[in-house]
Each structure stands twice: as C-alpha cells, then as structure tokens.
Amino acid sequence: MPSWHCSGGSISALFQYNFSITSKSTFPKLLNYPSKLIENAVEEISKLPGIGKKTALRMALHLLKRDEKQTLHLSEALTAMRTKTQYCRQCHNISDDTLCGICTNPKRDESVLCIVEDTRDVLAIENTSQFRGLYHVLGGIISPLEGIGPGDLNIDSLLNRIAEKQNTDAAIKEIILGLSPTMEGDTTAFYLTKRLKSLNVKITTIARGIPIGGDLEYADEITLGRSIVSRIVYE
Ligand SMILES: [Zn+2]
C-alpha cells in the first residue's frame, strides 16, 4: 500500500500539479485528476458552502500531505458528529443526549424562555453570559419566499411546552423573542405573538438600537427611529 507521507513518487507529482493549477493559464485542466480517489474527495468537499473545486482540491491535497493520523481523526470526528448528535427533545438545540446541557442544568431559570431561529443564535446568546433562562429553537424562520411556513418550524412543540407547564412550579412566565430584525423575523414574531396570546405569558423581544461603540450620525433611520421609540430609563 503506498504511503502518502513519503517525499517522492506520486505525492510530489501531486503537489507539482497543485502548483500548476494556481497559475491562471493552466487552471481549467482541473478535470484531469491524477487519482479517482482524489477526484471523489474533491467532489465531496466542493459540495460544502463557499468551497469551489479549486479550494476543494487544495484541501484534499493538504489532507493527503499532513500526518495520516490527523486526517483520520478529522474523518472520525465528522462521522461521530453526523451520526451521534441529535436535537434536544425539549428545546431542539443540537445535543449529544436526549436532553441538552442547557435544559438539564439546574441553575438555569426555567421560567424564562428565549425563542431563537437556530443553534447559532443559542451560541451567540450564550457567549454573552447575560441570559440564564432556557431556549426554544424554531429550526428556521417563516419565509413565504422560500416556502417555509409555520408548520415547518418547532412551534407546536413550543405551545405544548408552555401549556404543559402552566399552573405548575415550572411554569413559563416570560417568552423572549430573540429573532433577527428582518422581515422574516418580524413575520415570525407576529405569528408567534398571536399564537401565544391565549397562554397568559409575558412576551418580550430583544432590544433593537444603536450598537455599542456605534456612531449616532451613521445609524440608519429605521434603527435610530426604533431606538428613540424604544428608549429606556437612564441608569
Ligand atoms: Zn434542550
């Protein structure tokens, strides 16, 4: 079995090939792969967002060049991530177990629920260390243009979650709408507010306004206008 770590032979030919494709005149020869296995790898890598064939080939050759163990660890990590992660049964955040670490943390305030679009928003809010409540991940946002309606999102499970806990010690008292200030975000917030109305919970939304360190004169009219309408008592 050939070793890809040896300095001579096929591997050095490959890197010469890699070098040659960086020159504009020879780049269109990308289809002439020296190996079917590399071609398959490039094909798969280039399916990732923002990765073209040229970058994919560079990555494939890099994975061949570095220590075999490191490349195998990457492959194992990707397989484990894909096959073993799941969505939290309660909040739909990505989790290693049936319930995620946030839902099972006894120090979190279960009376406050922050509604977000996806896991990236959970990470962003967690990184602020300012929120100690729980989350509910919708798994998307209402977008008629992309054909995403309320039925495609984790909205029924949200309503059930609130209803089940009503009149118990674990009752949810406040819902924070942590959605992006876009047309889709506002549509989703409006829809949720209508559905949540009958459940007797306080509904709040994250503040919108001038960013910290931002210059007032450079703020757009909508943001500045919203900041004035939503002004707060100075402390
Ligand atoms: Zn959870």
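Cut-offs applied
- Residues numbered from 1 in each chain as written.
- Predicted model: local features only at pLDDT ≥ 70, side-chain atom pairs only at ≥ 80, totals over all residues.
- Heavy atoms only, no water.
- Helix = DSSP H or I, 4+ residues; strand = E, 2+ residues; numbered from the N terminus.
- Pairing = 2+ DSSP bridges.
- Axes fitted to C-alpha atoms, helices over the stretch in contact; angles between N-to-C directions.
- Contact = heavy atoms within 4.5 Å.
- Donors = N, O, S within 2.8 Å, 3.2 Å for Na, K, Ca; no water.
- Tetrahedral: all angles 85-135°; square planar, octahedral: opposite > 155°, others 65-115°.
- Buried < 20%, exposed > 50% of the residue type's maximum accessible area, 1.4 Å probe, protein only.
- Arc of directions from axis to C-beta.
- Polar contact = N/O pair within 3.5 Å; in protein donor to acceptor, adjacent residues only side chain to side chain.
- Salt bridge = Lys/Arg side-chain N within 4 Å of Asp/Glu carboxyl O.
- 1 Å grid on protein atoms, 1.4 Å probe; cavity = no way out; pocket = protein on both sides within 12 Å on 5 of 7 lines; lining within 4 Å.
- Points joined across faces, edges and corners; volume = space filled by probe spheres on them.
- Nonpolar A, V, L, I, M, F, W, Y, C, P; charged D, E, K, R; others polar.

I'd love a proper account of the environment of Leu-64, names of residues and values included.
You can see Leu-64 is positioned in helix α3 (residues 53-65). In the structure, Leu-64 is positioned 26 residues away from Ile-38 in sequence and 9.2 Å away in space, judged by C-alpha atoms.

Give me the lowdown on the sheet that holds strand β6 (residues 202-205), citing residues and values where you can.
A sheet is described by the order of its strands in space; here 4 strands give the open sequence β4-β3-β5-β6, paired in parallel fashion. Whereas interior strands pair on both sides, the edge strands pair on one side only; in this sheet they are β4 (133-137) and β6. Each adjacent strand pair in this sheet contributes to an overall mean axis angle of 25°, direction not counted. Inspection of the sheet shows strand β3 (residues 109-116) paired to β4 by 5 bridges, in the parallel sense. Within β4, the residue paired with Leu-113 across the bridge is Leu-134. Its contacts with the sheet put helix α5 (residues 119-126) on β3 and β4, and the angle it makes with β4 is roughly 160°. Relative to strand β5 (residues 174-177), helix α7 (residues 183-196) is tilted by about 165°, and along the sheet it contacts β3, β5 and β6.

Give a detailed account of the coordination of the zinc ion, specifying residues and quantitative values.
Coordination of the zinc ion by the protein involves Cys-88 (SG), Cys-91 (SG), Cys-100 (SG) and Cys-103 (SG), with metal-donor separations of 2.3 Å. Considering all 4 donor atoms around the zinc ion, angles at the metal cover 104 to 117° and the coordination shape is tetrahedral. If you list the donors of the zinc ion from N- to C-terminus, the spacing comes out as C-x2-C-x8-C-x2-C. Considered together, Cys-91 and Cys-100 belong to a single accessibility category, that of buried residues.

Report on helix α2 (residues 36-45), specifying residues and quantitative values.
Within α2, burial applies to Ile-38, Val-42 and Ile-45. Along the axis of α2, the buried positions cluster into a sector of 65°, meaning they face one direction only. Within α2, the exposed residues directed more than 90 degrees away from the buried face are Lys-36 and Leu-37. In this structure Ser-35 caps α2, since a side-chain oxygen of it lies 3.0 Å from the backbone nitrogen of Leu-37.

Could you give an account of the pattern of salt bridges, naming the residues involved and the relevant values?
For the structure shown, the criterion picks out 7 salt bridges. Two residues, Arg-108 and Glu-126, come together in a salt bridge whose shortest N-O distance is 2.8 Å. Highlighted residues: Arg-108 in the loop between β2 (94-95) and β3 and Glu-126 in helix α5, separated in sequence by 18 residues. With a relative accessible area of 8%, Arg-108 lands in the buried category. Among the residues examined, Glu-126 registers a relative accessible area of 24% and is labelled partly exposed. In this structure, the salt-bridge partner of Asp-156 is Arg-195, at a minimum N-O distance of 3.6 Å.

Before we move on, can you summarise unusual backbone geometry with the specific residues and values?
It is generally the case that most residues other than glycine have a negative phi and that most peptide bonds are trans. Within the chain, Ser-129 stands out as a residue other than glycine whose phi angle is a positive 55°. Looking at the secondary structure, you find Ser-129 in the loop between α5 and β4. Residue Ser-129 is classed as exposed on the basis of its relative accessible area of 60%. Phi angles above zero are rare outside glycine, and Asn-200 is one such case at about 55°. Here Asn-200 shows up in the loop between α7 and β6. Note on Asn-200: relative accessible area 71%, which makes it exposed.

For the environment of Pro-144, give the residues involved together with the corresponding values.
Topologically, Pro-144 is positioned in the loop between β4 and α6 (156-165). The class of Pro-144 is exposed, set by a relative accessible area of 68%. For the pair Pro-144 and Thr-187, spaced 43 residues apart in sequence, the C-alpha to C-alpha distance is 9.8 Å.

Before we move on, can you summarise the side chain of Thr-188 with the specific residues and values?
Note that Thr-188 resides in helix α7. For Thr-188, the side chain forms a polar contact with the main-chain oxygen of Glu-184, separated by 2.7 Å.

Explain the layout of surface pockets residue by residue, including any values.
Approximately 340 Å³ is the volume attributed to the second largest pocket. Every residue along the wall of the second largest pocket is listed here: Thr-205, Ile-206, Ala-207, Arg-208, Gly-209, Ile-210, Arg-226, Ser-227, Ser-230, Arg-231 and Ile-232. When the residues that make up the lining of the second largest pocket are grouped by side-chain class, the tally is 4 nonpolar, 4 polar and 3 charged.

Shape is all these values report; function is a separate question.
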